[in-house]
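# Residue-level structure breakdown
The primary structure of each chain is shown beneath.
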Amino acid sequence: MRRECCEPMIIKERWIRSKHALPELPYEYAALQPTICEEIMQLHHQKHHKSYVDNLNSAEEQLKEAISKNDTSRIISLGKVIRFNGGGHINHSLFWENLTPKCTAPSKALENVVKHTFYNMDDFKKLMKESALGINGSGWVWLGWHKDTKTLKISNCENQDPLEATTGLIPILGIDVWEHAYYIQYKNDRAKYFDALWEIINWKEVSKRYEKERCVV
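As the structure is a computational prediction, the values presented were derived from the model and not from experiment.

A count of helical and extended segments in the protein gives nine helices and three strands. Moving toward the C terminus, one meets the helices and strands of the protein in the order α-α-α-α-α-β-β-α-β-α-α-α. Here the C-alpha coordinates of the protein stretch approximately 65 × 40 × 35 Å along the principal axes. Taking all 217 residues of the protein together, the buried fraction comes to 41%.

Structural data, given as structure tokens:
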């Protein structure tokens, strides 16, 4: 009898969804200067990323209500809102970890697979840059892991579309090429921004993410 009384409560608790929260940065806002100025970091994190989190939480609450009312039209219309803001939250949470004020280098394992796939680190950077510059408007350029072929792929996504949900690739390295990420400092020179950002990539974190995925059976 005692277990029967407790089980519904446990099941109910499993379905309680906690709200998404804005993650703290792993460094100070000014830590990435002169590559990324403090003002950009504050606006990017406190305004842009926070708005994605707030809008995602709001949309999920609306979705819960729409499902309870069996409002199919409303459920469908919320899909785009959740995709955009959910993607913005996922993408930025990874992006902050991709950057560091410290000098880092890729692990031997990552360096070897990059050389095997893209010939060398310089060619890899060139291909990533070309992909970034090829995005019309706003979006992201990615290095992703293809689970089936066990290979690295370069891809890009428009707006805030999340890589895995859009392409099936697991994100290893992501670079934000929305103008809000660089305009105050680099104006419309995306190429200059990309070259500067490449120097502060957290290769230790990127390597750790790669090595985790390559070991998944």
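For the peptide bond that leads from Q33 to P34, omega is 5°, which places it in the cis range. Mapped onto the elements, P34 comes out in the loop between helix 1 (2–14) and helix 2 (38–68).

Along its 31 residues, helix 2 runs 44 Å from first to last C-alpha, staying within 8% of the 45 Å computed at 1.5 Å per residue. Of all the bends in helix 2, the greatest measures close to 30° and is centred on K50. Residues of helix 2 that are buried make contact with helix 3 (72–97), strand 3 (170–176) and helix 7 (183–186). Immediately beyond the C-terminal end of helix 2, within one or two residues, lies N70, with a positive phi of roughly 55°.

Our focus in this paragraph is the sheet that holds strand 1 (residues 139–146). Pairing between sheet strands relies on hydrogen bonds along the backbone, with the strands arranged either parallel or antiparallel. Read from one edge of the open sheet, three strands run 2-1-3, paired in antiparallel fashion. Two strands close off the open sheet at either side, each with one partner strand: strand 2 (151–158) and strand 3. Each adjacent strand pair in this sheet contributes to an overall mean axis angle of 25°, direction not counted. The sheet strands contacting helix 9 (residues 203–214) are strand 1, strand 2 and strand 3, and the helix crosses strand 3 at an angle near 155°.

What follows concerns the pairing of strand 2. Here strand 1 pairs with strand 2 via eight bridges, running antiparallel. Looking across to strand 2, one finds that W140 is bridged to C157. From the end of strand 1 to the start of strand 2, which pair antiparallel, there are four residues, and K150 there has a positive phi angle of about 55°.

Mapped onto the elements, D176 comes out in strand 3. At 3.0 Å, the side chain of D176 forms a polar contact with the side chain of H44. Setting aside chain neighbours within four positions, we find D176 in contact with H44, H92, F95, G139, W140, A181 and Y193.

Here we come to the pairing of strand 1. Burial analysis of strand 1 places seven of its eight residues in the buried class, which makes it a mostly covered element. Relative to strand 3, strand 1 is paired through six bridges, and the arrangement is antiparallel. The residue bridging V141 from the neighbouring strand is I175, located in strand 3.

The full count for this structure, using the stated rule, is 13 aromatic pairs. Judged by centre distance (5.5 Å) and plane angle (90°), the ring pair of F95 and W140 falls under edge-to-face. Residue F95 is found in helix 3, and its partner W140 is found in strand 1; the two are separated by 45 residues along the sequence. Here W145 and Y210 contribute two aromatic rings whose centre-to-centre distance is 5.5 Å and whose plane-to-plane angle is 75°, an arrangement assigned as edge-to-face. Taken as a pair, W145 in strand 1 and Y210 in helix 9 lie far apart in primary sequence, 65 residues in all. In this structure Y210 comes out as buried when scored by relative accessible area, which is 4%.

Secondary-structure assignment places E39 in helix 2. Classification of E39 as partly exposed rests on a relative accessible area of 45%. Residues E39 and I184 lie 145 residues apart in sequence; the distance between their C-alpha atoms is 8.3 Å.

A few words on the nonpolar core. The biggest cluster of nonpolar side chains holds 49 residues, and the ones touching the most others in it are L152, I175 and Y193. Once you skip the residues sitting within four places of it in the chain, Y193 turns out to touch I36, F95, I175, D176, V177, A181, Y182 and Y186.

Rules and cut-offs
- Residues numbered from 1 in each chain as written.
- Predicted model: local features only at pLDDT ≥ 70, side-chain atom pairs only at ≥ 80, totals over all residues.
- Heavy atoms only, no water.
- Helix = DSSP H or I, 4+ residues; strand = E, 2+ residues; numbered from the N terminus.
- Buried < 20%, exposed > 50% of the residue type's maximum accessible area, 1.4 Å probe, protein only.
- Expected span 1.5 Å × (residues − 1).
- Bend = angle between axes of the 7 residues up to and from the residue.
- Contact = heavy atoms within 4.5 Å.
- Pairing = 2+ DSSP bridges.
- Axes fitted to C-alpha atoms, helices over the stretch in contact; angles between N-to-C directions.
- Polar contact = N/O pair within 3.5 Å; in protein donor to acceptor, adjacent residues only side chain to side chain.
- Phe/Tyr/Trp six-rings, centres within 6.5 Å; stacked < 30°, edge-to-face > 60°.
- Core = buried A, V, L, I, M, F, W, Y, C linked by side-chain atoms within 4.5 Å.

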